[in-house]
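Structural description and commentary
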Amino acid sequence: ADSEVPSLSFSVADAKAITDRMKSGSEKLYELENAALLSDSEVTPASWRAALEQIAGELKKSSRPDDLLVVFMAGHGLVDTKSQTYYYLGHQARLDAIDSGDFRGCISWKDFHGLADVPCRKLVVLDTCHSGAIQPLQDQGLKTGLRALQEDVVLAVAASAGHEKAAELKTLGHGVFTKCLLEALSGRADDSGDGMVTLDEVVAYVTRSVAEATAGRQNPSAGPGEILPFVTLPLARVKQPATGQ
């Protein structure tokens, strides 16, 4: 709502497209539950916490270890220079308040604590500027980010490194990262050719494709690094290409 914050053209389109693609790609992998979508003025810390509390409450009763909860967020993100904490800007966030150290209009990782005791696999995907600050990136010195989420074994994929912006392109109709993620989930990331797109394949595809599309100015990341190499997480089943004689 703050006129000082530049408008984004495709965040809502990003969220809707990822929701639809995840639904269609995972139909043969998971028994689908209803997806919750918050957009524009609905995206406030209070509404976020309420939605997460409702989802977590339902999943605590019904989910199993092999189930998967995906949280996708597109919008504005920033890093508090003092604490190196990543924040997602809610609809009511104001830059003057943020400049004075007031982040009450933002969503932070403490707002994800409700996921801690949900007994299933959890994946957070962020298409915002500076989203890599959630990761303990040793090469960037950003070691304070995803500690709470690491302890709760929440996997995360970020659109950019902690010091980088995330681009939108009108020609794509999406954020660059989201566009590449949609391609990955549609089957382009299926390097093994087995008709299954897994998280490691998605990470490899978006890391390569986003860097190429932005001439190296935007570099996705994923973590926790200590866990991710040992995770085999199916995200979408896709049609295998026909093979000739």
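First things first, this report covers the structure right here in the doc. (Residues numbered from 1 in each chain as written. Predicted model: local features only at pLDDT ≥ 70, side-chain atom pairs only at ≥ 80, totals over all residues. Heavy atoms only, no water.)

**A look at the packing of aromatic side chains**
For the coordinates displayed, the defined rule picks out 2 aromatic pairs. Taking 5.1 Å as the distance between ring centres and 55° as the angle between the ring planes, the aromatic pair formed by W48 and F112 counts as tilted. Placement of the pair is W48 in helix α2 (residues 45-62) and F112 in the loop between β4 (106-107) and β5 (121-127), with a sequence separation of 64 residues. Here the aromatic rings of Y87 and F103 are separated by 4.1 Å at their centres, their planes lie at 5°, and the arrangement is stacked. Placement of the pair is Y87 in strand β3 (residues 85-89) and F103 in the loop between α3 (95-99) and β4, with a sequence separation of 16 residues. Neither residue differs from the other here; Y87 and F103 are each classed as buried. (Phe/Tyr/Trp six-rings, centres within 6.5 Å; stacked < 30°, edge-to-face > 60°. Helix = DSSP H or I, 4+ residues; strand = E, 2+ residues; numbered from the N terminus. Buried < 20%, exposed > 50% of the residue type's maximum accessible area, 1.4 Å probe, protein only.)

**Considerations on the sheet that holds β4**
Reading across the sheet, the 3 strands line up as β2-β3-β4 and stay open at both edges, with antiparallel pairing between neighbours. This sheet does not close on itself; its edge strands, each paired only once, are β2 (77-80) and β4. Pairing geometry for β2 and β3, over 4 bridges, is antiparallel. Its bridge partner lying in β3, V79 is registered against Y86. (Pairing = 2+ DSSP bridges.)

**Remarks on unusual backbone geometry**
Note that the residue after G223, namely P224, is joined by a cis bond; omega there is 0°. With respect to the secondary-structure elements, P224 resides in the loop between β10 (221-223) and β11 (234-237). For D40, which is not glycine, the phi dihedral falls at a positive 55°. The phi torsion at Q84 lies on the positive side, around 60°, for a residue other than glycine. Examined against the element boundaries, Q84 turns out to sit in the loop between β2 and β3. Among the residues examined, Q84 registers a relative accessible area of 29% and is labelled partly exposed.

**Examining the nonpolar core**
In terms of nonpolar packing, the biggest core is built from 35 residues, with F177, L181, L199, V202 and V206 touching the most fellow members. Of all the secondary-structure elements, those providing two or more residues to this core are α1 (11-25), β1 (68-74), β5, β6 (154-158), α5 (176-188), α6 (199-213) and β11. Broken down by element, this core gets its largest block of residues, 7 residues, from α5. Setting aside chain neighbours within four positions, we find V206 in contact with F177, C180, L181, A184, A211 and P220. Counting residues in each nonpolar core, the second largest holds 22 residues, with W48, L115, C120 and V124 among its members. (Core = buried A, V, L, I, M, F, W, Y, C linked by side-chain atoms within 4.5 Å. Contact = heavy atoms within 4.5 Å.)

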